[in-house]
Amino acid sequence: MSIFIKGFMIGLVVAAPLGPIGIISLQRTLSKGYLSGLFSGLGISTADAIYGAVATFGVTAISSFLISQELWLKIIGGIVICGLGIRIYSQAGYQKMSASANNKTCLGAYFSALILTLFNPAIIFSFVAIFASLVIVYTKTNPIATLLLIGGVFWGSAIWWVFLSGMASRLKTQFTESFMKKINYISGVLIAGFGLVMVGSAVIIK
């Protein structure tokens, strides 16, 4: 199996489980349009690639810092996610959007998803575990292979979000305004719940 394909499959496996940021991306697709959801997914993919690089290069200092700050990362990330859930719930009224989102909306969706995903240190553990099980290590003698692996991680995750956002966008046309409001209400509750669980688990573990 080529190193790029291996990275692609890893990115796909890591991206597939639908966590709180994934739900936010889907909710953005349904309420704000395809591009908003897609750019949110690409933000997640970028974070996956960054954590994949950390795991591949075995950057001890960065890994140690993330592990040592896991408590605060969970608390801050959980509070922000909870706040987003409350905001989505309070603004659950469905508003139709034009066919193309503006650059500001897309960039905001991208960077917010990127930052929120980076605030989830559990992802680095996932990559370390997967890379260790596949005996993937960085070698200075073959940097191109390493870059192909990291690129594969990004594209594996990105393709998943292209597919998921596309499916959500197609389904959106079949939904009534009333049904969309219910989806936004449920999404808001789920996202806020995820945020509370993150904060609660951090406090309890401490």
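Residues numbered from 1 in each chain as written. Predicted model: local features only at pLDDT ≥ 70, side-chain atom pairs only at ≥ 80, totals over all residues. Heavy atoms only, no water.

Visitor: Would you mind showing me how to read the overall build of the protein here?
Guide: When helices and strands are tallied, the protein shows 9 helices and 0 strands. Reading the protein from its N terminus to its C terminus gives the helix and strand order α-α-α-α-α-α-α-α-α. Sorting the 206 residues of the protein into buried and exposed places 43% on the buried side. If you take every contact in the protein between residues at least 6 apart in sequence, the share linking residues at least 24 apart comes to 91%. Summing over all exposed atoms, the protein offers an accessible surface of approximately 10900 Å²; the carbon and sulfur share of this is 71%. (Helix = DSSP H or I, 4+ residues; strand = E, 2+ residues; numbered from the N terminus. Buried < 20%, exposed > 50% of the residue type's maximum accessible area, 1.4 Å probe, protein only. Contact = heavy atoms within 4.5 Å. Areas by Shrake-Rupley, 256 points an atom, 1.4 Å probe, with all protein chains shown as cover.)

Visitor: Is there a simple way to think about the nonpolar core in this case?
Guide: A general tendency of soluble globular proteins is for nonpolar side chains to be buried together. Of all hydrophobic cores here, the largest spans 18 residues; its most connected members are Ile 21, Ile 81 and Ile 191. Among the elements of the structure, helix 2 (20–32), helix 5 (70–90), helix 6 (103–118), helix 8 (143–172) and helix 9 (177–205) are those that each provide at least two residues to this core. Of the residues forming this core, the biggest block, 5 residues, is contributed by helix 2. For Ile 191, the residues in contact, after removing those within four places along its chain, are Pro 20, Ile 23, Ile 24, Ile 81, Cys 82, Gly 85 and Ile 88. Judged by nonpolar contacts, the second largest core, of 9 residues, contains Tyr 51, Ala 55, Ile 123 and Val 153. (Core = buried A, V, L, I, M, F, W, Y, C linked by side-chain atoms within 4.5 Å.)

Visitor: Would you explain helix 2 in this entry?
Guide: Helical geometry: 3.6 residues make up each α-helical turn, so side chains three or four residues apart lie on a common side. Between its first and last C-alpha, helix 2 extends 17 Å over 13 residues, near the 18 Å set by a 1.5 Å rise per residue. For helix 2, the tally of buried residues reaches 12 of 13 residues, placing the bulk of the element in the interior. Within the span of helix 2, buried status applies to Pro 20, Ile 21, Gly 22, Ile 23, Ile 24, Ser 25, Leu 26, Gln 27, Arg 28, Thr 29, Leu 30 and Ser 31. At the C-terminal side of helix 2, Gly 33 shows a positive phi close to 115°. (Expected span 1.5 Å × (residues − 1).)

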